[in-house]
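Structural features, examined
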Amino acid sequence: MAENLFEEDKVSISERLAAEALIVDVDGFEGPLDLLLTLSRTQKVDLRRVSVLQLARQYLAFVEKAKALRLELAADYLVMAAWLAFLKSRLLLPPDPTEEGPSGEELAAHLAFQLERLQAMRDAAARLMARDQLGRDFFARGQSEMVTRVRKVTYSATLLDLMQGYARIRTRDDFRPFVMDRESVFTMEQALERMRGLIGYAGDWTEISTYLPEGWDGDPVRRRSATASTFAASLELVKEGHLEIRQSEMFAPIQLRKRD
Amino acid sequence: MGEQERMVEAILFATTEPITVRDLEARLPHGCDPAEALVHLRKRYEGRGVAVTRVGDAWAIRTASDLGFLMQKETVETRKLSRAAIETLAIIAYHQPVTRAEIEEIRGVSVSRGTVDQLLELEWVRFGRRKMTPGRPVTFVVTQDFLDHFGLESARDLPGLKELRAAGLLENRPPPGGDMLRDAGNEADEDESAEGQSELFED
Amino acid sequence: MGEQERMVEAILFATTEPITVRDLEARLPHGCDPAEALVHLRKRYEGRGVAVTRVGDAWAIRTASDLGFLMQKETVETRKLSRAAIETLAIIAYHQPVTRAEIEEIRGVSVSRGTVDQLLELEWVRFGRRKMTPGRPVTFVVTQDFLDHFGLESARDLPGLKELRAAGLLENRPPPGGDMLRDAGNEADEDESAEGQSELFED
């Protein structure tokens, strides 16, 4: 009990500040592995000797804290939490000889390896960027000389141009089946045939919309096509002298009547 | 070699314009004497492939005059390949061996003669085996020059659609409102509109 | 000074881009041996204001890097790379040829589209050979421009490469008992896992 209190005290101020910084900065992490790496720094040991068990506890505590503060954690943070909880139980419980799969130690060793490798790549990146760089520390020729004017045109293109070009075509291609789609088109021939069969019954003025074929009045695309072709067919029938057509004013209903 | 000479050498090499003694003085650390360094440097380059030469009241490093013949190849004008040519080239690379009719089908527009001629002239594509289909049409394939130019080991190493998508070069879905545009394009099946349509969907 | 050395010197001075031994050979009169001339030339420029440097298979003259302070005027503002882009670049350089999935495994986070796109656009990375694993995923490798930019003779000269290799940190060690972590990670990102699956069925 006394020891616990002592521990609590030691943790205070600086580490608590660090923990709070973590919470506030959760968006600043590039995924759970990055967060684990940051947490591992508080252990102040060589990454090869990092205590994965302790790390798992720290991570789970972090997730709990984030939950308490009602911070939204991305799904992969929660997946990692679940995995670490599983790992923790494997590390703490005596191994069950009947159970299949890797031991807790193996899983822990791999996680330690991943952390070490990520840290190594971070260091490598820093060393790379610290190198002398062209255009900053050392320089290419300022005046590339082209003395004799033999004009020869060459064409250049980068792989990126090529791929973007291809992507452009293929994106268009994705829509192709739709572009070629003719199912929703009611042709004028179809409309004419239909109207010829129907006009025998059109004794009095009747709205053109009633002549639309069945099943073509729901979907706007189909409706538009059927309306256009029915109208065109009507005009054709007027021209042939079979029909009369009228409209009282602009946008008013168009009406048809059989011509005797 | 004196430190000042080194510095003058580096500046002369890297500047985009011939540089005057006064400008050199301004760029060198305080107390340097570029005029003297230039004299030494000039002597050092005597009889070499390049020379320290005076251009008006400024200085530059230039190719030795007897070696001008080596520079002829350097005077090339590079132009960007047209979009039609790029697209045609891409289709050949991804679908080879491919016939002209197939290219037209994929692009949705007819392929002008000039486009293919240009690619043939660049030696980026060549004629492949004839297809065993009616008419035995000729096919196109890409060349070793093509692979060299684009830094590919083989045409199979070209990234696929999924990889293009992953690299952000290909958008997953048409932009919202794409339906309407598509219908509009549909009504006129001409080359022009197909071309225009693809531009609408681009990016 | 040999005539061949003079000619190589003139050509190297005239261009900004590194030039390959093969291109040198093509430009020099028949029967020249640029490789040998380069060895001499390189020695001749040791300790000078400019240096003959090797960039992959190519050669270029660059100013000595200790004189960078003189060149403020020539500096071009380079686009600032994000931390993700820098890390991804380092991973590609040290692990090449490396697949996107491997990069993600090392970083523990999915690689955003823009990141690879940016590196491709800078021409610091390019697509390499496909991996002979299921799905034949495309790989990334670094380019000559990358080497040139960071003053590296070859990718083998990357700082700390040997130590990293000796420590086993460049290995692609599979997790014990299969892809637990990665599978879990994939579930979080539907798009990504769908991609992984469909890649298996590609071709």
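In the block above lies the structure referred to throughout.
Notes on the structure in this doc start here.

What counts and what doesn't
- Residues numbered from 1 in each chain as written.
- Chains lettered and ligands numbered in written order.
- Predicted model: local features only at pLDDT ≥ 70, side-chain atom pairs only at ≥ 80, totals over all residues.
- Heavy atoms only, no water.
- Contact = heavy atoms within 4.5 Å.
- Buried area = accessible area lost by both parts, 1.4 Å probe.
- Salt bridge = Lys/Arg side-chain N within 4 Å of Asp/Glu carboxyl O.
- Polar contact = N/O pair within 3.5 Å; in protein donor to acceptor, adjacent residues only side chain to side chain.
- Helix = DSSP H or I, 4+ residues; strand = E, 2+ residues; numbered from the N terminus.
- Nonpolar A, V, L, I, M, F, W, Y, C, P; charged D, E, K, R; others polar.
- Buried < 20%, exposed > 50% of the residue type's maximum accessible area, 1.4 Å probe, protein only.
- Axes fitted to C-alpha atoms, helices over the stretch in contact; angles between N-to-C directions.
- Left-handed = near helix turned anticlockwise from the far one by under 90°.
- Pairing = 2+ DSSP bridges.

A few points about the interface of chain A and chain C
- Counting residues at the interface gives 46 residues for chain A, matched by 59 residues for chain C.
- Taken over both partners, the interface formed by chain A and chain C buries close to 4600 Å², and the fraction arising from carbon and sulfur atoms is 66%.
- Considering only the side of chain A, the residues that lose the most area to chain C are Arg117, Met121 and Phe139 of chain A, jointly responsible for 16% of the buried surface there.
- The interface formed by chain A and chain C includes four salt bridges.
- As a salt-bridge pair, Arg107 of chain C and Glu30 of chain A come within 2.1 Å of each other at their nearest N and O atoms.
- For the pair chain A and chain C, the number of links is eleven residue pairs in polar contact (both at pLDDT 80 or more).
- Looking at the side of chain A that touches chain C, the elements that each hand over two or more residues are α2 (32–41), α4 (75–92), α5 (104–130) and α6 (159–179) of chain A.
- Partitioning the side of chain A that touches chain C into residue classes produces 24 nonpolar, seven polar and 15 charged.

Notes on the interface of chain B and chain C
- Tallying the contact residues gives 48 residues for chain B and 50 residues for chain C.
- Between chain B and chain C, a total of about 4100 Å² is buried, with carbon and sulfur atoms accounting for 53% of that surface.
- Taken as a group, Phe13, Arg48 and Lys162 of chain B account for 16% of the area that chain B buries against chain C, more than any other trio of residues on that side.
- Where chain B meets chain C, there are four salt bridges.

Brief notes about α2 of chain A
- With eight of its ten residues buried, α2 of chain A lies for the most part within the structure.
- Looking only at α2 of chain A, the buried set comprises Pro32, Leu33, Asp34, Leu35, Leu36, Leu37, Leu39 and Ser40 of chain A.

Points about the side chain of Asp137 of chain A
- In this structure, Asp137 of chain A sits in the loop between α5 and β1 (152–156).
- Exposure remark for Asp137 of chain A: the relative accessible area of 16% places this residue in the buried category.
- When sequence neighbours within four positions are dropped, the list of residues in contact with Asp137 of chain A reads Arg131 and Asp132 of chain A together with Thr63, Ala64, Ser65 and Gly68 of chain C.

A word on the packing of helix α4 (residues 83–95) of chain C against helix α5 (residues 100–107) of chain C
All names here are of chain C.
- Between α4 and α5, whose axes approach to 10 Å, the crossing angle comes to 115°. In the packing of α4 onto α5, the handedness of the crossing is right-handed. Two secondary-structure elements touch here, α4 through Ala84, Glu87, Thr88, Ile91, Ile92 and His95 and α5 through Ile103, Ile106 and Arg107.
- Grouping the amino acids of the contact of α4 with α5 by side-chain chemistry returns five nonpolar, two polar and two charged.

A closer look at the environment of Leu12 of chain C
Residue and element names in this part refer to chain C.
- Structurally, Leu12 can be placed in helix α1 (residues 3–14).
- Leu12 sits in the buried class, given a relative accessible area of 1%.
- With 47 residues separating them along the chain, Leu12 and Trp59 place their C-alpha atoms 7.6 Å apart.

Some details on the sheet that holds strand β7 (residues 139–142) of chain B
All names here are of chain B.
- Reading across the sheet, the three strands line up as β5-β7-β6 and stay open at both edges, with antiparallel pairing between neighbours. Sheet topology places β5 (98–99) and β6 (125–127) at the edges, where each strand pairs with a single neighbour.
- As paired elements, β6 and β7 share three bridges and run antiparallel to each other. Within β7, the position partnered with Phe127 by the bridge is Phe140.

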